[in-house]
Amino acid sequence: MLPVSIDPKTRDRYRRRNRAHTLFLAFGAILLLGLCAYTLAGPTGVVWAALGGGLSLVMATHMSPRMVLGLYGAHELSRHDYPQVYRIVRLLSDRAGLSAPPRLYRVPSRMMNAFSTGRRDEAVICMTDALIARLNAREFVGVMAHELAHIVHEDITVMALADIVSRMTSVMSALGLFLVIFHLPGLLTGGGDVPYAAIAVLIIAPTLGTALQLGLSRTREYEADLGAAALTGDPDGLASALEKLERLQGRMWEAMLPQGARIPDPSVLRTHPQTEERVRRLKALKAEPGRWVDTGDRPHVRGHSPVPDTGAPRRRLRGLGAWY
């Protein structure tokens, strides 16, 4: 038995909810694409959409992470300068059951951010200078566990599929509307009935497809938060990091706005859920004192917690934070 501060009932309830939302949103996006393809070219259009989407997904998931790293100007994180960062990621990777830890890169930026890319067996985690410098060790562990959860859950592939479906839906919608406009004079002069239902589908498809994609992204963020809490047994660590990121990033953006202006409240047009809701769900995962979780079916969870002592002294190297 391993002491873990996660309430299993709450964890399982959130997990079922996240999976149901994922299936609903993904199925809805694919169904919308199929409807557009059918409206445009009938059953043949559906077949071609499936073939095109499958080929695009294979190409997207096998794209080298180096292409993404090049866009951000990322550089590999020095193992010599940041041994504790590598140790944290290695311990978390062992707990997550990964065959090898992902490669670590840093992005020179004042924005606090981290993201993962690549396939499960060729994953990369990027973090900005500001993230390493401003998070304490406990918060950093939570963020790394969140990114590892994305890798374990294959969220990179899921979101690549969602992006492909959304883009194909938009392209088919634009092409269909162009054809309708092109043939509209003939239709209005008695050449046939105006397909109002098809036109309505083509008009709303891009907006609805984008909404489904963003909803799926938010759901996968909730699931990654849950996975991170399960990996560390410390929901408060990630919650603290999210609150700090919201506070510091919010100040940075508000400083760029006119005096008295405020950042608007989050809406459905967000890739990430509202921070307050993410923190609320994380804190709800905390078990009552004395609760235990049987991890016998997950032998890779055995071992000491990778969460370092947050009271340990820290040194700074090249303007960044490193823990010893």
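Attention here is on the structure that accompanies the text.

Conventions and cut-offs
Residues numbered from 1 in each chain as written. Predicted model: local features only at pLDDT ≥ 70, side-chain atom pairs only at ≥ 80, totals over all residues. Heavy atoms only, no water. Helix = DSSP H or I, 4+ residues; strand = E, 2+ residues; numbered from the N terminus. Buried < 20%, exposed > 50% of the residue type's maximum accessible area, 1.4 Å probe, protein only. Contact = heavy atoms within 4.5 Å. Pairing = 2+ DSSP bridges. Expected span 1.5 Å × (residues − 1). Bend = angle between axes of the 7 residues up to and from the residue. 1 Å grid on protein atoms, 1.4 Å probe; cavity = no way out; pocket = protein on both sides within 12 Å on 5 of 7 lines; lining within 4 Å. Points joined across faces, edges and corners; volume = space filled by probe spheres on them. Nonpolar A, V, L, I, M, F, W, Y, C, P; charged D, E, K, R; others polar. Salt bridge = Lys/Arg side-chain N within 4 Å of Asp/Glu carboxyl O.

Quick word on the environment of Met-127
Alright, step 1. Mapped onto the fold, Met-127 is located in strand 4 (residues 122-128).
Alright, step 2. In this structure Met-127 comes out as buried when scored by relative accessible area, which is 0%.
Alright, step 3. Setting aside its immediate chain neighbours within four residues, Met-127 contacts Leu-77, Val-85, Leu-104, Tyr-105, Arg-106, Val-107, Asn-113, Ala-114, Ile-132, Phe-140 and Met-144.

What about the sheet that holds strand 3 (residues 114-119)?
Sheet strands pair via backbone hydrogen bonds, and the direction of the pair is either parallel or antiparallel.
Alright, step 1. Ordered by their spatial adjacency, four strands build an open sheet running 1-2-4-3, and the pairing between neighbours is mixed. The open sheet has two edge strands with one neighbour each: strand 1 (75-76) and strand 3.

Section: the pairing of strand 2 (residues 103-107)
Alright, step 1. As judged from the two bridges shared by strand 1 and strand 2, these two strands associate in the antiparallel manner. Considered in strand 2, the bridge of His-75 is made with Arg-106.
Alright, step 2. Of the pairings in the sheet, the one linking strand 2 to strand 4 comprises five bridges and is parallel in character. Looking at strand 4, one finds that Leu-104 is bridged to Ile-125.

A short note on helix 7 (residues 196-232)
Alright, step 1. In this model helix 7 runs 54 Å from its N-terminal to its C-terminal C-alpha over 37 residues, within 8% of the 54 Å that 1.5 Å per residue would give.
Alright, step 2. The largest bend along helix 7 measures about 40° and falls at Ala-205, with the proline Pro-206 one to four residues further on.
Alright, step 3. Across the 37 residues of helix 7, 26 count as buried, placing the element largely inside the fold.

Points about empty space enclosed by the protein
Unoccupied space between atoms shows up once a probe the size of one water molecule is rolled over them.
Alright, step 1. Applying the stated criterion across every chain, the model contains three cavities of 30 Å³ or more.
Alright, step 2. The space that makes up the largest cavity amounts to roughly 80 Å³.
Alright, step 3. Contributing to the lining of the largest cavity are Tyr-14, Asn-18, Tyr-222, Asp-225, Leu-226, Arg-278, Arg-281, Leu-282 and Leu-285.
Alright, step 4. Of all the secondary structure elements, the ones that give two or more residues to the lining of the largest cavity are helix 1 (8-61), helix 7 and helix 9 (275-284).
Alright, step 5. When its residues are assigned to classes, the lining of the largest cavity shows five nonpolar, one polar and three charged.

As for the pattern of salt bridges
Alright, step 1. Tallying each qualifying case throughout the model produces 15 salt bridges.
Alright, step 2. Between Arg-220 and Asp-155 there is a salt bridge; the shortest N-O distance is 2.7 Å. One end of the pair, Arg-220, is in helix 7; the other, Asp-155, is in helix 6 (residues 155-191), with 65 residues separating them in the sequence. Of the two residues, Arg-220 and Asp-155, neither departs from the other in class, the shared state being buried.
Alright, step 3. Put simply, Lys-286 and Asp-236 hold a salt bridge, and the shortest N to O gap is 3.0 Å. With Lys-286 in the loop between helix 9 and strand 5 (314-317) and Asp-236 in helix 8 (residues 235-255), this residue pair connects regions lying 50 residues apart in the sequence.
Alright, step 4. Residue class for Lys-286 comes out partly exposed when judged on its relative accessible area of 41%.

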